[in-house]
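Given next are the chains, with one letter for each unit.
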Amino acid sequence: MASRPEVQAPPEIFYNDVEARKYTSSSRIIEIQAKLSERALELLALPDDGVPRLLLDIGCGSGLSGETLSENGHTWIGLDISPSMLDIALEREAEGDLLLSDMGQGLGLRPGVIDGAISISAVQWLCNADKSSHEPRLRLKAFFGSLYKCLARGARAVFQVYPESIAQRELILGSAMRAGFAGGVVVDFPHSSKSRKEYLVLTCGPPSVSTAVPKGKGEDGESSSEDSSGDEDNQTVSISDRHRPKKKQKLNRRGKGREWVMRKKDQMRRKGNVVPPDTKYTARKRKARF
Amino acid sequence: MRLLTHNMLSSNIKGVTNGFPLGIVVEKVIEKPVEMNPDFLKNMFAKIEWKALVDASRSMGYAELPDQVDSSMLDSVEFLQRFHHALLELHLEEGALVCPETGRKFPVNKGIPNMLLHEDEV
Ligand SMILES: C[S@@+](CC[C@H](N)C(=O)[O-])C[C@H]1O[C@@H](n2cnc3c(N)ncnc32)[C@H](O)[C@@H]1O
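These figures come from a predicted structure and were not determined experimentally. (Residues numbered from 1 in each chain as written. Chains lettered and ligands numbered in written order. Predicted model: local features only at pLDDT ≥ 70, side-chain atom pairs only at ≥ 80, totals over all residues. Heavy atoms only, no water.)

Undergrad: Describe the site of the ligand, naming the residues involved and giving the relevant values.
TA: Residue and element names in this part refer to chain A. If you check the shell around the ligand, you find 22 residues, and the closest are Tyr-23, Gln-33, Gly-59, Asp-80 and Asp-102. Within the side chain of Tyr-23, a nitrogen or oxygen atom sits 2.8 Å from an oxygen atom of the ligand. Gln-33 is positioned with one of its side-chain polar atoms (N or O) 2.8 Å from an oxygen atom of the ligand. Surface burial for the ligand is 98%, taken as the share of its 600 Å² of free accessible area covered by protein chains. Of the residues that constitute the shell around the ligand, the class distribution is 12 nonpolar, 7 polar and 3 charged. (Near = heavy atom within 4 Å. Polar contact = N/O pair within 3.5 Å; in protein donor to acceptor, adjacent residues only side chain to side chain. Areas by Shrake-Rupley, 256 points an atom, 1.4 Å probe, with all protein chains shown as cover. Nonpolar A, V, L, I, M, F, W, Y, C, P; charged D, E, K, R; others polar.)

Undergrad: Break down the UniProt feature "domain: Methyltransferase type" (unreviewed entry) in chain A for me, with residues and values.
TA: When the UniProt feature table is mapped onto this chain, "domain: Methyltransferase type" (unreviewed entry) is found at residues 56-131 of chain A. Along residues 56-131 of chain A the backbone is 22% helical and 26% strand, and the end-to-end C-alpha distance reaches 26 Å. (UniProt positions renumbered as here; feature names shortened; annotations may be inferred. Helix = DSSP H or I, 4+ residues; strand = E, 2+ residues; numbered from the N terminus.)

Undergrad: Go over the pairing of strand β6 (residues 181-188) of chain A, please, and point to the residues and values.
TA: Residues and elements named next belong to chain A. Most of β6 is tucked away, with 6 of its 8 residues classed as buried. Sheet analysis places β6 next to strand β7 (residues 197-204), joined by 8 bridges and oriented antiparallel. When the bridges of β7 are listed, Val-186 appears paired with Tyr-199. (Buried < 20%, exposed > 50% of the residue type's maximum accessible area, 1.4 Å probe, protein only. Pairing = 2+ DSSP bridges.)

Undergrad: Kindly report on the sheet that holds strand β3 (residues 105-109) of chain B, identifying the contributing residues and their values.
TA: Residue and element names in this part refer to chain B. In space, the 4 strands of this open sheet follow the order β1-β2-β3-β4, with antiparallel pairing throughout. The strands lining the two open edges of the sheet, one partner per strand, are β1 (23-31) and β4 (112-113). The pairing of strand β2 (residues 90-98) with β3 spans 4 bridges and is antiparallel. The residue bridging Gly-95 from the neighbouring strand is Val-108, located in β3. Its contacts with the sheet place helix α4 (residues 77-89) against β1 and β2, and it is angled at close to 60 degrees to β2. (Contact = heavy atoms within 4.5 Å. Axes fitted to C-alpha atoms, helices over the stretch in contact; angles between N-to-C directions.)

Undergrad: Can you break down the side chain of Asp-115 of chain A residue by residue, with the values?
TA: Locating Asp-115 of chain A in the fold gives a position in strand β4 (residues 114-120). Residue Asp-115 of chain A is classed as buried on the basis of its relative accessible area of 12%. Side-chain polar atoms of Asp-115 of chain A contact the side chain of Lys-47 of chain B, separated by 2.3 Å. For Asp-115 of chain A, the residues in contact, after removing those within four places along its chain, are Leu-46, Arg-53, Leu-54, Leu-55 and Ala-155 of chain A together with Asn-43 and Lys-47 of chain B.

Undergrad: So what about the interface of chain A and chain B? Which residues, and what values?
TA: With 41 residues of chain A in contact, the opposing surface of chain B contributes 39 residues. Per-residue buried area on chain A facing chain B is highest for Asp-97, Gln-105 and Arg-110 of chain A; these three make up 21% of the total on that side. The interface formed by chain A and chain B includes 4 salt bridges. As a salt-bridge pair, Asp-87 of chain A and Lys-110 of chain B come within 2.8 Å of each other at their nearest N and O atoms. There are 17 residue pairs in polar contact (both at pLDDT 80 or more) connecting chain A and chain B. Considering only residue class, the side of chain A that touches chain B consists of 20 nonpolar, 9 polar and 12 charged. (Buried area = accessible area lost by both parts, 1.4 Å probe. Salt bridge = Lys/Arg side-chain N within 4 Å of Asp/Glu carboxyl O.)

Undergrad: Tell me about helix α5 (residues 64-71) of chain A, residues and numbers included.
TA: Think of an α-helix as turning once every 3.6 residues; residues three or four places apart then point the same way. Residue and element names in this part refer to chain A. Counted residue by residue, α5 has 8 buried out of 8 residues, so it is predominantly covered. Among all positions of α5, only Leu-64, Ser-65, Gly-66, Glu-67, Thr-68, Leu-69, Ser-70 and Glu-71 are buried. Buried residues belonging to α5 abut α3 (17-25), α4 (27-44), β1 (54-58), β2 (75-80) and β4. Two residues or fewer past α5, Gly-73 is found with a positive phi of approximately 90 degrees.

Undergrad: Any details on the pattern of salt bridges? Residues and values, ideally.
TA: Inspection of every chain in the model, using the stated rule, returns 23 salt bridges over all chains. With a closest N to O distance of 2.3 Å, Asp-115 of chain A and Lys-47 of chain B form a salt bridge. Remark: Lys-47 of chain B occurs in the loop between α2 (38-45) and α3 (50-59) and Asp-115 of chain A occurs in strand β4; the pair is interchain, linking two chains. Overall, Lys-47 of chain B belongs to the buried group, its relative accessible area being 13%. Ionic contacts of the salt-bridge type, sharing partners, join the residues Lys-265, Asp-266, Arg-269 and Asp-278 of chain A into one network.

Undergrad: I'd like a rundown of unusual backbone geometry, residues and numbers included.
TA: Cis geometry marks the peptide bond from Phe-20 of chain B to Pro-21 of chain B; its omega dihedral reads -10 degrees. Mapped onto the elements, Pro-21 of chain B comes out in the loop between α1 (3-8) and β1. At Ser-121 of chain A, a residue that is not glycine, the phi angle is positive and equals roughly 55 degrees. The topology assignment puts Ser-121 of chain A in the loop between β4 and α7 (136-150). Owing to a relative accessible area of 14%, Ser-121 of chain A belongs among the buried residues under this scheme. One non-glycine residue, Phe-189 of chain A, adopts positive backbone phi at about 50 degrees. Mapped onto the secondary structure, Phe-189 of chain A falls in the loop between β6 and β7. Taking relative accessible area as the criterion, Phe-189 of chain A reaches 11% and is therefore assigned buried.

Okay, structure coming up:
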């Protein structure tokens, strides 16, 4: 196996045009990122009221994780440090707004406005010092401090991470706690080397029932589908009663479909407005949830 | 970038105490129709800094938002449509965002604001 990307080059260099396209062309990666994002969204435990939320996707890359948010009806803002990844996100017509931004410099967002944040396979990048001016502790502090501020009280942030070591996990978690977050690590399928996935589940605000850390999937030795004998129904998660993840949070997107979008776009063009060109992605059907 | 995002963004240059709202330099605006979701708009209304949205939409060439608002207006479909249009359908495609305190410009290309700070701004 190739060495971890984080140790090879800084993210904005590692994810160049070639790597960004390779990453986003792999059906295996697309599927894995979608699954991780689904799980992160589930762990966000948003209220089950059908109301779309304003979410952040931190290290959004080419928009694979954001696509899961869109499919579930939410509106999102994605930020990433790699221009090449963001270019692919544009090409894929990501529905969220995109920002070229370095999370380690802190997020420039107003206080209390964001309903939740996910970050898929990105935060471990902050543990490296890619420039002489980089001090991982300070960058983690700037990041978590600014994230804490922009989240609404009681909102959650869920990070799927690949920490290199226990020390690295402690570094990330410790920075989050010092910023004021409550929470901890959820490990899905801890007994499987292939399926093991870690999520930091953080809640903004003082500890309460809702900040209790949910249980991981497969903690009791149940197997995952990747281990081939997976039994979906066994994969229960227990969270405090107030925030039990609802089975299907999918919002009812009574999509008006491609025809409606094309008609609206034509209307706007006739009015003389600049409208993006029609492509195969225009109003495409989103695949269903797993 | 939609005005929804503009309404949330604030300049976090070191030393800046009030980085909101960012000024807008418009070079190109595009409109992308999206379906209206009244529940989302109602959820967002409480969070929106109204004056900043009105000013931003005017600088993007849309002058249909009222100066004064209160939550009872959310019952009016006409108001919701205007709010929706300003918040989610107008995109700043090319131009810049401007820090209100320092005048530092954050360029916007292909709809993506470049919010990266220089080392001495962190
Ligand atoms: C493995 S990709 C994941 C992308 C996306 N979340 C997904 O699920 O497909 C990791 C991303 O984190 C981004 N990243 C790394 N360090 C970053 C930083 N300091 N600020 C913002 N983004 C960063 C990289 O540019 C890359 O796009």
